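Architecture and fold: a report
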Amino acid sequence: MRFTYAEAMTSIEHYAPLAQAAEAAGYTSMTVADSLIYPEVSDSTYPYTDTGDREFLQGKDFVETMVMCAHLFALTTTLRLTPFVLKLPVRPPVLVAKQASSLAALSGDRLGLGVGLSPWPEDFTAMGVPWERRGRRMDECLDIVRGLTSGEFFSYDGEFFSIESMQQRPAPGRPVPLLVGGHADAALRRAVRKGDGWMHAGGDGEELDRLLARLAEIRREEGDSRDDFEVHVISYDAYDPDGVKRLEDKGVTDCIVGFRVPYIKGPDTEPLATKVEHLERYAESVISRVGA
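A few points on the structure. Every chain's residues receive numbers from 1 upward, in the order its sequence appears when written. Only residues with pLDDT of 70 or above have their local features reported here, since the model is predicted, and side-chain atom pairs are shown and tallied only from 80 upward, although totals for entire chains, interfaces and linings are computed over all residues. To get the side-chain values, take all heavy atoms of the structure and skip hydrogens and water.

1. Regarding the overall build of the protein
Quick reminder of the rule: In DSSP terms, a helix is any run of H or I states spanning at least four residues, a strand is any run of E spanning at least two, and both are numbered starting from the N terminus. The globule rule used here is 2.2 Å times the number of residues to the 0.38 power, and the radius of gyration it is set against is calculated over C-alpha atoms. Here the term buried applies to any residue with accessible area under 20% of the maximum for its type, exposed to any over 50%, and partly exposed to those in between, with areas from a 1.4 Å probe on protein chains only. We call two residues contacting when some pair of their heavy atoms lies within 4.5 Å. Shrake-Rupley sampling with a 1.4 Å probe provides the accessible areas, and residues are treated as covered by the protein chains on show and by no other component. For the purpose of counting charges, residues Lys and Arg are taken to be positive, whereas Asp and Glu are taken to be negative. His and the chain ends are not included. Note on charges: their place is set at NZ of Lys, CZ of Arg, CG of Asp or CD of Glu.
Along the protein, the regular secondary structure elements total nine helices and eleven strands. Relative to its length of 292 residues, the protein is compact, with a C-alpha radius of gyration of 18 Å against a globular reference of 19 Å. Out of the 292 residues belonging to the protein, those deemed buried represent 51%. The contacts of the protein with a sequence gap of at least 6 include a subset with a gap of at least 24, amounting to 68%. Of the roughly 13600 Å² of accessible surface on the protein, 51% is carried by carbon and sulfur atoms. For the protein, the separation between the mean place of its 32 positive charges and that of its 46 negative charges on side chains is 3 Å.

Below you can see the structure in the form of structure tokens.
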């Protein structure tokens, strides 16, 4: 089992020392949140909270995801970073491929590229991208990112994108894992067909069990027997060694753990020292007992 430390919507000065503390404590990865804009007026709802409120995002600082990854990679040596998740179909895939290849090459292949659909129509509008057929656009983006991060000449002719044969260098030392987020059946199937893993966004244990069972079913349907397929989940079971074993038995490869509820209005007032204490205590009580 691997362990990922999650923190978001905190002071931007906290991320570097938290990444260094997580690395020293034995975590494999740290998540990096993605948010492009906060529209002043919107009737959109957030799909991963009970109420659907989005106001917790107002006034929060979000450093652009790939910029934050570069910053944290420069200050760590072994820690993996997993965007959680990069809103891929609103971005030009050729640019994302260039960013991902560059980050992987500079960091010694420590990038796990978590990607997903944005739940906000406003993101698409702001970026000049149609909201309609966003799933199919996402599929094409994944194809292009995978093709161009190979470092080989690659061309593509799809419904949304058509690119002449081209090459991007530097190339990663090994393929950048594409980790697909989302709870819809289409997202689970996309993770299997187009990705190298799946990222869970949270929820109760019963719903997680349903999603894991469905993911396993889709993998059987698709004939996917990869040993390196990644399954990243958020679960209360991750907070004790016996629970981690239960998750492992269900096919989970990576536990995402955090130590506060980030969906709060107003600034995060938890001191940095407290955050470090929490992540270190977890490493001592769980990671050191089950192995990373």
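2. Focus on the nonpolar core
Inclusion rule: Nonpolar cores are built from buried Ala, Val, Leu, Ile, Met, Phe, Trp, Tyr and Cys residues. Side-chain atoms within 4.5 Å join them into one set.
In terms of nonpolar packing, the biggest core is built from 66 residues, with Phe3, Tyr27, Leu113 and Trp198 touching the most fellow members. Setting aside chain neighbours within four positions, we find leucine 113 in contact with Met66, Pro83, Leu86, Val96, Ala100, Val145, Val176, Pro177, Leu178 and Leu179. Counting five residues, the second-largest nonpolar core is a separate cluster that includes Met9, Tyr46, Leu57 and Trp120.

3. Quick notes on empty space enclosed by the protein
How we decide: Computed over the protein atoms alone on a 1 Å grid, cavities are sets of points where a 1.4 Å probe fits but cannot get out and pockets are open sets with protein on both sides within 12 Å along at least five of seven lines; a residue lines them when it has an atom within 4 Å of a point. Grid points are joined across faces, edges and corners, and a volume is the space filled by probe spheres set on the points.
Across all of its chains, the model carries two cavities of 30 Å³ or more by this definition. The computed volume of the largest cavity comes to approximately 110 Å³. Forming the walls of the largest cavity are Glu7, Ala8, Tyr15, Met30, Thr31, Val32, Ala33, Asp61, Phe62, Val63, Met68 and Leu72. Mapped by element, the contributors of at least two residues to the lining of the largest cavity are β2 (29–32) and α2 (65–74). Considering each element in turn, the lining of the largest cavity owes the most residues, three residues, to β2.

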